[in-house]
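# Survey of secondary and tertiary structure
Chain residues, written in single-letter form:
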Amino acid sequence: MKQILWFRRDLRVEDSAILSNAQNEVLPIFIFDKNILEKLPKDDKRVTFIYQSVLCLKEKLQKIGLDLAIFYGNPKDIFTKLKNDGFDEVLTSIDFYSFAKKRDEEIEKILPLKRYIDSFILNPKDVLKADKTPYKVFTAFYNSLDYLHQSTKIEEFLNKTNLKKVDFDYSFVPTLKDLGFDKQDLPDFLYKNPDELIEDFSKKIKNYQENRDYFYLDAGSNLSVHLRFGLISIRRLFNKIKSLNAPQKEIDFYIRELFWREFYNYILYHFPHSEFENFSDIKVNWNQNEDDFINWCDGNTGVPIIDASMKYLNQTGLMHNRLRMIVSSYLTKNLLIDWRKGEKYFALKLLDYEASSNIGSWQWASSTGVDSVPYFRIFNPYLQSEKFDKEAIFIKSVLTQLKDIPVKSIHKENEVQSNLFLDYPKQIVWISYSRNRAIEEFKRAKNQLNC
Ligand SMILES: Cc1cc2nc3c(=O)[nH]c(=O)nc-3n(C[C@H](O)[C@H](O)[C@H](O)COP(=O)(O)OP(=O)(O)OC[C@H]3O[C@@H](n4cnc5c(N)ncnc54)[C@H](O)[C@@H]3O)c2cc1C
């Protein structure tokens, strides 16, 4: 029996479902998939991160007596060739995203595919209400999992020790240039491994709940990118956080955040249409003005907190959770633009882009999803910046042209623009006007739904 171990979003050797379920002779592989790469701009930061993580995985596999065969091409062609080379089956981890599901269906026609739940704690199939239907409310979902999040440890996978490396040519290592990409500078924390990040976070966790919304502070764990590409397993992260010497309520709060990630994956599994359509049947007449959308993308809306957040995203691939909530509310309510456009834009830019979390969070913000924010609760971006960035530290660090502007003006609607010497755009919509427009439109759409 010759098995292919297909690493995709699980780039590690510890607590690995496929290394634990493998048998006998194995060929670990990673495919730089042309179908995905060809759609990305050549300055995509994620490719630099994945590239360095794949080289690191190769080294780690070598240390345990295996190796990693790297391919660049179309998975269908690669598996057809491997089948002809005498391989019997493929082991890999499950991904519920439509692109991944389709790709796997194609590969299954070539070789048997064994898929394991690895990137998430839960198998969504196993968690249902008493009436056997899926949960749609986070709190009920979370409460039903008391036994799990209250436990101190989740069992991890142990690697098989008797695996034998298949005789194969493991020498191909393309450069980023060969893949059509330019090496990008990454934020410093992405050069750290997950253990270092957890060590950093262990010094901050005691203030996590209090500080996490202040986006000029670095109060979070910064682990979402590592989780996305499986540099640490979700089980090990859970276990490590549980064992930290920290107040229990802070540990519990952090673990709850991890279960939001589980929840959105669960929703995508049970309601795959929510990737493309409003989860609820509501039909909003979205604003089709392309200029409004482009101004949002480029950070030219005339609202300092929105512009700073979007410019920062464009420069770094990062955005703080609170800022994601503010800019998504602004796009879908104040600009009344379809959440799918914002979701796609985030998908292109975010280093930690995770389809399920992104889709779920966008539907939450636009009041079209499960357990969403009520449509009449619309963030006022100026009140948000005043509350969470009182001294405008973050805003001024990005919008450097505002560095000498009094903070009071930055938190007041259209006030910065009264300085005629400043290079800063006028607001594209007024906040109270656009807020009322959104409430009226959502009210209309909801009433239509009830008819
Ligand atoms: C509009 C919008 C889009 C988002 N898109 C993504 C995305 O594509 N990928 C992504 O990983 N997160 C997304 N999030 C959730 C959240 O913003 C990030 O997980 C968080 O900012 C990552 O920083 P951190 O690791 O320091 O978080 P921490 O505060 O340290 O949280 C720990 C972990 O919990 C999980 N988590 C925290 N909040 C959420 C949440 N609301 N939903 C799901 N998981 C959560 C993440 O895995 C995170 O790494 C989105 C949120 C919003 C409002």
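Within any chain, residue numbers begin from 1 and follow the written order of that chain's sequence. Given that this is a predicted model, residues contribute local features only at a pLDDT of at least 70 and side-chain atom pairs are listed and counted only at 80 or more, while totals for whole chains, interfaces and linings are drawn from all residues. As a rule here, side-chain values cover all heavy atoms of the structure and leave hydrogens and water aside.

### Focus on the overall build of the chain
For the purposes of this entry, the term helix denotes a DSSP run of H or I that reaches at least four residues, the term strand denotes a run of E that reaches at least two, and both are numbered from the N terminus. Broken down by element type, the chain carries 21 helices and 6 strands. Radius of gyration: C-alpha atoms only; globule rule: 2.2 Å multiplied by the number of residues to the exponent 0.38. Radius of gyration (C-alpha) of the chain: 23 Å, near the 22 Å computed for a compact globule of 451 residues. In terms of principal-axis extent, the alpha carbons of the chain reach across some 70 × 55 × 45 Å. Per-residue accessibility, obtained with a 1.4 Å probe over protein chains only, is compared with the maximum for each type, and a residue is labelled buried under 20%, exposed over 50%, and partly exposed between these values. Looking at the chain as a whole, 55% of its 451 residues qualify as buried. It only takes one pair of heavy atoms within 4.5 Å for two residues to be counted as in contact. The contacts of the chain with a sequence gap of at least 6 include a subset with a gap of at least 24, amounting to 75%. Total accessible area on the chain is roughly 20,900 Å²; 51% of this is exposed by carbon and sulfur atoms. The averaged location of the 64 negative side-chain charges in the chain is 2 Å from the averaged location of its 66 positive side-chain charges. Note on areas: Shrake-Rupley, 1.4 Å probe, and residue coverage restricted to the protein chains presented here. A residue counts as positive if it is Lys or Arg and as negative if it is Asp or Glu; His and the chain ends are not included. Taken as the charge centre is NZ of Lys, CZ of Arg, CG of Asp or CD of Glu, depending on the residue.

### Some points on the side chain of serine 434
Position of serine 434 among the secondary structure elements: in helix 21 (residues 431-450). By relative accessible area, serine 434 is classed as buried at 0%. Here a polar contact is recorded for every N or O atom pair within 3.5 Å, except that within protein the pair must consist of a potential hydrogen donor and a potential acceptor, and residues adjacent in sequence are included only if both atoms are side-chain atoms. Only 3.1 Å separates the side chain of serine 434 from the backbone oxygen of isoleucine 431, close enough to count as a polar contact. Leaving out residues up to four positions away in the same chain, serine 434 has contacts with Lys333, Asn334 and Val429.

### Side note on the domain arrangement of the chain
For each domain, the first and last residues come from an automatic or database assignment. If you check the domain split of the chain, you get domain 1 (2-119), domain 2 (120-155 + 194-270) and domain 3 (290-450). In this structure, domain 2 and domain 3 have C-alpha centres spaced 26 Å apart. Each partner contributes residues to the interface: domain 2 has 21 residues there, and domain 3 has 23 residues. Values labelled buried area give the accessible surface lost by two parts on being combined, using a 1.4 Å probe and summing over both. Counting the surface lost from both domain 2 and domain 3, the interface buries some 1,900 Å², and carbon and sulfur atoms represent 64% of this. Salt bridges are identified by distance alone: a Lys or Arg side-chain nitrogen within 4 Å of an Asp or Glu carboxyl oxygen. At the surface where domain 2 touches domain 3, the tally comes to 2 salt bridges.

### Let's talk about the UniProt feature "domain: Photolyase/cryptochrome alpha/beta" (unreviewed entry) in the chain
Within this numbering scheme, the UniProt entry marks residues 1-128 as carrying the feature "domain: Photolyase/cryptochrome alpha/beta" (unreviewed entry). Strand forms 23% of residues 1-128 and helix 38%; the C-alpha atoms that close the span are 37 Å apart. UniProt positions are given in the numbering used here, feature names are shortened, and annotations may be inferred rather than shown by experiment.

### Examining the pairing of strand 2 (residues 25-33)
In terms of burial, strand 2 is a largely internal element, 8 of the 9 residues being buried. Sheet topology places strand 1 (residues 2-7) next to strand 2; 6 bridges connect them, and they run parallel. When the bridges of strand 2 are listed, tryptophan 6 appears paired with isoleucine 29. Should DSSP find at least two bridges between two strands, the strands are taken to pair. Direction of pairing for strand 2 relative to strand 6 (residues 164-165): parallel, over a ladder of 2 bridges. Considered in strand 6, the bridge of valine 26 is made with lysine 165. Bridge analysis of strand 2 against strand 3 (residues 69-73) gives 5 bridges, and the strand direction is parallel. Each residue of the ladder has a partner; that of isoleucine 29, found in strand 3, is alanine 69.

### Quick look at unusual backbone geometry
A positive phi is found at aspartate 371, a non-glycine position, where the angle reads about 45 degrees. Structurally, the position occupied by aspartate 371 is in the loop between helix 17 (355-365) and helix 18 (381-388). According to the relative accessible area criterion, aspartate 371 is partly exposed, its value standing at 30%. The backbone of alanine 392 sits at a positive phi, close to 55 degrees, despite the residue not being glycine.

### Structural notes on empty space enclosed by the protein
Think of a 1 Å grid over the protein atoms and nothing else: a 1.4 Å probe that fits but is trapped marks a cavity, an open set flanked by protein within 12 Å on at least five of seven lines marks a pocket, and residues with an atom within 4 Å of a point count as lining. Grid points are joined across faces, edges and corners, and a volume is the space filled by probe spheres set on the points. Overall, the coordinates contain 3 cavities of 30 Å³ or more when judged by the stated rule. What lines the largest cavity is simply Tyr264, Ile267, Leu268, Ser274, Phe279, Ser356, Ile359, Gly360, Gln363, Gly369 and Val370. Among the secondary structure elements, those contributing two or more residues to the lining of the largest cavity are helix 12 (248-270) and helix 17. Classifying every residue of the lining of the largest cavity gives 6 nonpolar, 5 polar and no charged. Three or more residues apiece are contributed to the lining of the largest cavity by two domains, here domain 2 (120-155 + 194-270) and domain 3 (290-450). Considered as a void within the structure, the second largest cavity measures approximately 50 Å³ in volume. Lining the second largest cavity are Arg9, Asp10, Arg12, Asp118, Ser119, Leu227, Gly230, Ile232, Ser233, Ile234 and Arg261. Its residues placed into classes, the lining of the second largest cavity shows 3 nonpolar, 3 polar and 5 charged. Polar here means any residue other than Ala, Val, Leu, Ile, Met, Phe, Trp, Tyr, Cys and Pro, which are nonpolar, and Asp, Glu, Lys and Arg, which are charged; Gly is therefore polar.

### Looking at the packing of aromatic side chains
Aromatic ring pairs are defined here through the distance separating the ring centres and the angle between the ring planes. Each Phe, Tyr or Trp ring (for Trp, its six-membered ring) is paired with any other whose centre lies within 6.5 Å, and the angle between the two planes then decides the class: stacked below 30 degrees, edge-to-face above 60, tilted in between. Scanning the model with the defined rule gives 37 aromatic pairs in all. Relative to phenylalanine 394, the ring of tyrosine 312 lies with its centre 5.4 Å away and its plane at 80 degrees, an arrangement referred to as edge-to-face. With tyrosine 312 in helix 14 (residues 304-316) and phenylalanine 394 in helix 19 (residues 393-398), the pair connects residues that are 82 residues apart, well separated along the chain. With relative accessibility at 7%, the residue phenylalanine 394 sits in the buried group. Members of the aromatic cluster, connected to one another through ring pairs, are Tyr135, Phe138, Phe141, Tyr142, Phe259, Trp260, Phe263, Tyr264 and Tyr266. Throughout this description, the term charge over a ring refers to an Arg CZ or Lys NZ atom that lies within 6 Å of the ring centre and within 35 degrees of the ring normal. Over the ring of phenylalanine 87 we find lysine 2, and its NZ or CZ is 4.6 Å from the ring centre. Here lysine 34 stacks its cationic end above the ring of tyrosine 72, 4.9 Å away from the centre of that ring.

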